[in-house]
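Survey of secondary and tertiary structure
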Amino acid sequence: SEARGADHATLKERVDYLENWLRESADKHLKEVDALKTAHAKHCDEVVAAHAQLGVDVEQMDRKHASMQDRLMDLEKQLDDRVEKHAVQLSSAVDKLEDVYARLELC
């Protein structure tokens, strides 16, 4: 009977130990799950913010691109205008030179 009581006490100690171990393990895992949930929520917030910023960046790039296209078209127009102006001036200069050569031939 005494041996049985010792075995029973040992069995109770073992069950108590297992219950305590399970409780500590569950608490530890619960803390880890909470930490993962917090990290996940933070990551989701960062992804949403990055996605929103990407949208802003794309809009800014589109505006800059349009602005660059407008500037390039303006430069091309200015270049065309100057080419035309120089062509007219060159043609006028050639006409004047031809007049000078014609007069020199008469001399």
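Residues numbered from 1 in each chain as written. Predicted model: local features only at pLDDT ≥ 70, side-chain atom pairs only at ≥ 80, totals over all residues. Heavy atoms only, no water.

Looking now at the overall build of the protein. Regarding its fold elements, the protein presents one helix and zero strands. Taken against the 2.2 N^0.38 rule, which gives 13 Å for 107 residues, the C-alpha radius of gyration of the protein at 45 Å runs more than 25% over that of a compact globule. Expressed as a percentage of the 107 residues in the protein, the buried residues total 1%. Surface accessibility of the protein: about 10300 Å² in total, with carbon and sulfur atoms responsible for 60%. Charge separation in the protein, taken as the distance between the mean sites of 16 positive and 24 negative side-chain charges, equals 5 Å. (Helix = DSSP H or I, 4+ residues; strand = E, 2+ residues; numbered from the N terminus. Rg over C-alpha atoms; globule rule 2.2 N^0.38 Å. Buried < 20%, exposed > 50% of the residue type's maximum accessible area, 1.4 Å probe, protein only. Areas by Shrake-Rupley, 256 points an atom, 1.4 Å probe, with all protein chains shown as cover. Lys, Arg positive; Asp, Glu negative; His and termini not counted. Charge placed at Lys NZ, Arg CZ, Asp CG, Glu CD.)

It is worth spelling out a nonpolar patch on the surface at this point. On the surface, Y17, L18, W21 and L22 cluster together into a nonpolar patch covering about 480 Å² of accessible area. Exposure remark for Y17: the relative accessible area of 56% places this residue in the exposed category. (Patch = residues over 30% accessible without salt bridge, like charges linked within 9 Å, V, L, I, M, F, W, Y side chains within 5 Å. Salt bridge = Lys/Arg side-chain N within 4 Å of Asp/Glu carboxyl O.)

So, on to the pattern of salt bridges. All told, the structure shown has two salt bridges when counted by the stated rule. Ionic pairing is found between D16 and K12, a salt bridge with its closest N-O pair at 3.0 Å. Here the residue D16 and the residue K12 both occupy positions in helix α1 (residues 2–106), the gap between them amounting to four residues, near one helical turn. Of the charged contacts in the structure, one is a salt bridge between K77 and D81, with a shortest N-O distance of 3.1 Å. Here K77 pairs with D81, and both are found in helix α1, just four residues apart, close to one helical turn.

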